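Breakdown of the fold
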Amino acid sequence: MKKIGILTSGGDAPGMNAAIRAVTRTALKHGMTVMGIRRGFNGLINGDMVELGIRSVSDIIQRGGTILYTARCNEFRFEEGLQKAKATCIKEGIEGLIVLGGDGSFRGAADLSARGIPCVAIPCTIDNDISMTEYTIGYDTAMNTAMLLIDKLRDTTQSHDRCSVVEVMGRHAGHIAVNTGIATGATHILTEEVPYSVDDVIERIQNTQTTGKHHFIIVVSEGIGNSQDIAKKIEQATGVETRATILGHVQRGGSPTVRDRVVASQLGHCAVELLNQGYSNRVIGTKHGNIIDYDIQEALSMKKSFENDLYRIAMDISF
Ligand code: ATP
């Protein structure tokens, strides 16, 4: 393979730049030309790309976001868009494509693979909601950001004898919530995976009050939402002044942690090796610390399990 393209698609995630760097440097070692395609599949449709050399990816391993920009591209969901993208690849001599993104981006990569452009996908999302892999690039950084912010919130929550209801990201997955919840000693954690009622939260706060605790952190996952309502109900029932804080997109930014940089480097390297060996329609991930890869359709049909044991431990020790 002489020339490949790389793009970042869907929501950004810290570590995408480290993966772009790894892909570029590995491909250059194999003597390939690397094209950085801007703004996801839009750049493929419009031919918006730039050649990446060794120094194009200097000084980015420590940066959040993506130097290639990212976007959603509705046109790519339809045959006309896919054909335009394929035509761009043929015109530019791009023989293989590496796609960084979430499961929507994987569907796009599978569609393009089926039309004769070999694609390998790398899971990048802070939500860690991709079933075929234990880990997605950006997850560790997002959790650490959320943890640091909740720690700061705890200081003021403690000083004022308050309760803080903190909403963390993760969309419909509660992985960020359960991990940051246990790491910050949250009194309760609400996620979509575990049935809950606000009355349970109130009862837990009241029980904890009897042991002399005066401040409370309640971590709520994005999918549950309603943080303001939950805060209001807690305040009304317990008399504890309660504030809701939605951490929001700050969790998507920042310098990637060691784990995100290392995994991004491993997966980026592996993606190029797979393309170079003639593989197509694959997605790479990790299992028990090893790098694995699956057919994209097979990966998309898998179901992710939730960390129920971790949740139980959090409930056992944080009160
Ligand atoms: P995140 O998890 O951050 O949302 P994602 O990759 O799942 O990332 P999506 O918006 O679902 O984000 O998908 C990104 C892009 O992938 C879409 O804008 C579209 O261009 C392409 N895509 C999504 N679904 C399909 C599909 N079924 N067929 C072709 N392309 C698709």
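To keep things clear, this report deals only with the structure shown in the data block. Sequence order as written defines the numbering, with residues in each chain counted from 1. In keeping with the predicted nature of the model, local features appear solely for residues at pLDDT of at least 70, side-chain atom pairs appear and are counted solely at 80 or more, and the whole-chain, interface and lining totals rest on all residues. For the side-chain quantities, the full set of heavy atoms in the structure was used; hydrogens and water were omitted.

Describing the overall build of the protein chain
Every helix listed is a DSSP run of H or I at least four residues long, and every strand listed is a run of E at least two residues long, numbered separately from the N terminus. Looking only at helices and strands, the protein chain features eleven helices and eleven strands. Note on method: radius of gyration uses C-alpha positions; expected globular size equals 2.2 Å times residues raised to 0.38. Scaling as 2.2 N^0.38, a compact globule of 319 residues should have a C-alpha radius of gyration of about 20 Å, and the protein chain matches this with 22 Å. Seen through its C-alpha atoms, the protein chain measures out along the principal axes to roughly 70 × 35 × 35 Å. Per-residue burial for the protein chain yields a buried fraction of 54% across its 319 residues. Expressed as a percentage of contacts within the protein chain between residues at least 6 apart in sequence, the contacts between residues at least 24 apart total 75%. Areas reported as accessible are Shrake-Rupley estimates using a 1.4 Å probe. Residue values count occlusion only from the protein chains shown. On the protein chain, roughly 13,700 Å² of surface is accessible, and the fraction owed to carbon and sulfur atoms is 48%. In this tally Asp and Glu are treated as negative and Lys and Arg as positive; neither His nor the chain ends contributes. Where a charge lies is defined by one atom per residue type: Lys uses NZ, Arg uses CZ, Asp uses CG and Glu uses CD. Once the 33 positive and 36 negative side-chain charges of the protein chain are each reduced to a mean point, those two points are 6 Å apart. Think of it in three bands: residues with accessible area under 20% of the maximum for their type are buried, residues over 50% are exposed, and the middle band is partly exposed, with areas taken using a 1.4 Å probe on protein chains only. The contact definition used throughout considers only heavy atoms, calling two residues in contact when any of these lie within 4.5 Å.

So, the site of the ligand
By convention in these notes, a residue is near a molecule or strand provided one of its non-hydrogen atoms lies within 4 Å of it. The local shell around the ligand holds 16 residues, among which Arg72, Cys73, Ser105, Asp111 and Arg171 are the closest. Here an oxygen atom of the ligand and a backbone polar atom of Gly11 are 2.9 Å apart. Polar contacts, as counted here, are pairs of nitrogen or oxygen atoms within 3.5 Å of one another; within protein the pair requires one atom able to donate a hydrogen and one able to accept it, and residues that are adjacent in sequence qualify only if both atoms are side-chain atoms. Contact distances for the ligand include 3.4 Å between a nitrogen atom and a side-chain N or O atom of Arg77. Protein contacts shield 87% of the accessible area of the ligand, which totals 620 Å² for the unbound molecule.

Let's talk about the nonpolar core
Nonpolar cores were defined as sets of buried Ala, Val, Leu, Ile, Met, Phe, Trp, Tyr and Cys residues, with membership established by side-chain atoms within 4.5 Å. Counting residues in hydrophobic clusters, the biggest one holds 54 residues, and the most contacted among them are Ile4, Ile6, Ile98, Leu100 and Ile122. In terms of residue count, helix H9 (residues 258-276) provides more of this core than any other element does, eight residues in total. With residues near it in sequence (within four places) discarded, Leu100 still touches Ile6, Leu7, Thr8, Ser9, Met16, Ala19, Ile20, Ile122 and Cys124.

As for the sheet that holds strand E6 (residues 163-168)
Ordered by their spatial adjacency, four strands build an open sheet running E7-E8-E6-E9, and the pairing between neighbours is parallel. Every interior strand has two partners, whereas the edge strands, strand E7 (188-190) and strand E9 (242-246), have only one. Averaged over all adjacent pairs, the angle separating strand axes in this sheet is 20 degrees, with direction ignored. A strand pair is defined by DSSP finding two or more bridges across the two strands. Pairing geometry for E6 and E9, over five bridges, is parallel. Across the sheet, the residue bridging to Cys163 is Thr242, located in E9. Here, axes are lines fitted to C-alpha atoms. For helices the fit covers the stretch in contact, and angles between N-to-C directions go from 0 to 180 degrees.

Remarks on helix H4 (residues 103-114)
In a helix, the anticipated span is given by 1.5 Å times the number of residues less one. Between its first and last C-alpha atoms H4 spans 16 Å; for twelve residues at 1.5 Å apiece the expected length is 16 Å, and the two agree. Taken together, the buried positions of H4 are Ser105, Phe106, Gly108, Ala109, Ala110, Leu112 and Ser113. Elements in contact with the buried residues of H4: helix H2 (41-46), helix H3 (79-92), strand E4 (96-101), strand E5 (119-123), strand E10 (282-287) and helix H10 (296-300). Looking at the residues trailing H4, positive phi occurs at Gly116, about 100 degrees.

Overview of the pairing of E4
Along E4, six of the six residues are buried, which leaves the element largely enclosed by surrounding structure. Pairing analysis gives five bridges linking E4 to E5, with the strands arranged parallel. Paired with Val99 across the bridge in E5 is Ala121.

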